[in-house]
Amino acid sequence: MNIGVLGAGQLGRMLALAGYPLGNRFTFLDTTGSPSAGIGEVIVDPHNEHLATFLEKVDVVTYEFEHLPVELVREIEQHKPVYPSSKAIAVCQNRVEEKALFDRLAIPTPAYRVVESAEALAQAAEELGCPVVAKSVTEGYDGKGQAVLTSADQAGDAWASIGHSQLIVEAFVDFVREVSIIAVRGRDGEVVFYPMAENQHEGGILRYSVAPLPDLDDSVQALADGYIRQLLDELDYVGVLALELFQAKDGSLLANEMAPRVHNSGHWTMDGAATSQFENHLRAIQGLPLGSTEAMAPTCMVNVIGREGDNAALLAIPHAHLHRYDKGERAGRKLAHINVLADSHAELLEKVRRCQTLLPEAPSVKWSFTL
Ligand SMILES: Nc1ncnc2c1ncn2[C@@H]1O[C@H](COP(=O)(O)OP(=O)(O)OP(=O)(O)O)[C@@H](O)[C@H]1O
Ligand SMILES: [Mg+2]
């Protein structure tokens, strides 16, 4: 099968790398004008002129980037199967729709308001109680389009700095840790779940994901599995879905947001799980049986952001796997990641600290659990 991918960044690249052993070919449609996949056939189409060429080549269409015009996805659906569907993309690219779906399914989220002016933002900050986080309803990623307000009188500045006409304002959650659950749903409705990961962010960007978690109660995994299964079934979803959550002290989970695609917090599965999220996504969209999601060893994904490190020294760490994205260095840009495996979480922490010293921009590792 020739897989059509909307978007042509590192996620598409890693999909292709996982798909070649299955005999897949890849054609990417890039609407940004700056593709970085560096693999497969890339159709650069910033002015929407080459859709017909793309459609002729592909058997099934998926995406690695959800901030696409929904009309484009709907148009493609008229010609080729698209997984996940335009319905999923419409919900996941809009924080208001996403929250409404969480509410409808009784999946708990931080308290929030939707605002359309600086005055309304100030009022929401008063009502929810500061600190609050204001986020653009559309187009946000890597913490972009967000501002934290520590008092309501910062509303004017926050409104101006975000520069969108509609924002969602959320109570700032005093979480113990951030976690994510990744699940895959096949065309026949079968669902498999990966072990949850703990995610460390700095400046709104993911830095480390560790899985499986030594202190995660089975009941918490089951709770997250239940939430994501409801989302998958409700959206009649096919492929990988990621749900980011905040975990409180008592184990309860609040949904932050979801991503209708393979996700950075699932990159550890490339080396740490029986089947990677990329392979399972491709299996799902082609109607193939899903692979085991079992973790093979304690694994940590270390993101390489902004500047690369000493790659030879990183590769000298036993059971460290480097995945580079063929991208140039730029502040805040995801350039690569390293998956590190170990026999125990204590050994893993040691290895991850070694990675950190070899990466110029890596923050210190902070895991919520003690070893
Ligand atoms: N309500 C909140 N309370 C506390 N921290 C928050 C809240 N919302 C967001 N954050 C912090 O900011 C990070 C980025 O927020 P969010 O996931 O909403 O944005 P994003 O830009 O869509 O990120 P992504 O890169 O995951 O797409 C979160 O992972 C978390 O660390
Ligand atoms: Mg996020």
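The following paragraphs examine the structure supplied in this document.

What counts, and at which threshold
Residues numbered from 1 in each chain as written. Chains lettered and ligands numbered in written order. Predicted model: local features only at pLDDT ≥ 70, side-chain atom pairs only at ≥ 80, totals over all residues. Buried ≥ 20, exposed ≤ 12 C-beta atoms within 10 Å, placed from the backbone. Helix = DSSP H or I, 4+ residues; strand = E, 2+ residues; numbered from the N terminus. Pairing = 2+ DSSP bridges. Core = buried A, V, L, I, M, F, W, Y, C linked by C-beta atoms within 7 Å. Domains from an automatic or database assignment. Contact = placed C-beta atoms within 7 Å.

On to the pairing of strand 17 (residues 334-341). Within strand 17, eight of the eight residues are buried, leaving the element largely enclosed by the surrounding structure. Bridging between strand 15 (residues 299-305) and strand 17 involves seven bridges; their strand directions are antiparallel. In the strand pairing of strand 17, C300 is matched with V340. Pairing between strand 16 (residues 320-324) and strand 17: five bridges, direction antiparallel.

The buried count for strand 6 (residues 132-136) comes to four of five residues, which makes it a mostly enclosed element. Alignment of strand 6 against strand 7 (residues 146-149), held across four bridges, turns out to be antiparallel. From the neighbouring strand, A134 faces strand 7, where its bridge partner is A147. Relative to strand 8 (residues 167-171), strand 6 is paired through five bridges, and the arrangement is antiparallel. From the neighbouring strand, A134 faces strand 8, where its bridge partner is V169.

We now examine the nonpolar core. For soluble globular proteins, the rule of thumb is that nonpolar side chains tend to be buried together. Counting residues in each nonpolar core, the largest one holds 83 residues, and the members touching the most others are L241, L243, V340 and C355. Mapping this core onto the domain boundaries places at least three of its residues in each of domain 1 (2-82) and domain 3 (177-357). Beyond its immediate sequence surroundings of up to four residues, L243 is in contact with S180, I181, Y227, I228, L231, A255 and M258.

Turning to the environment of N2, a few remarks are in order. Position of N2 relative to the elements: it lies in strand 1 (residues 2-6). Taking C-alpha positions, N2 is 7.1 Å from T27, a pair spaced 25 residues apart along the chain. Those residues in contact with N2 that lie beyond four places of it in its chain are R25, T27, K57, V58 and D59.

Along the chain, L223 turns up in helix 8 (residues 218-234). The exposure class assigned to L223 is partly exposed, which follows from the 19 C-beta atoms found within 10 Å. Taking C-alpha positions, L223 is 37 Å from L358, a pair spaced 135 residues apart along the chain.

This is a description of form; function is not addressed.
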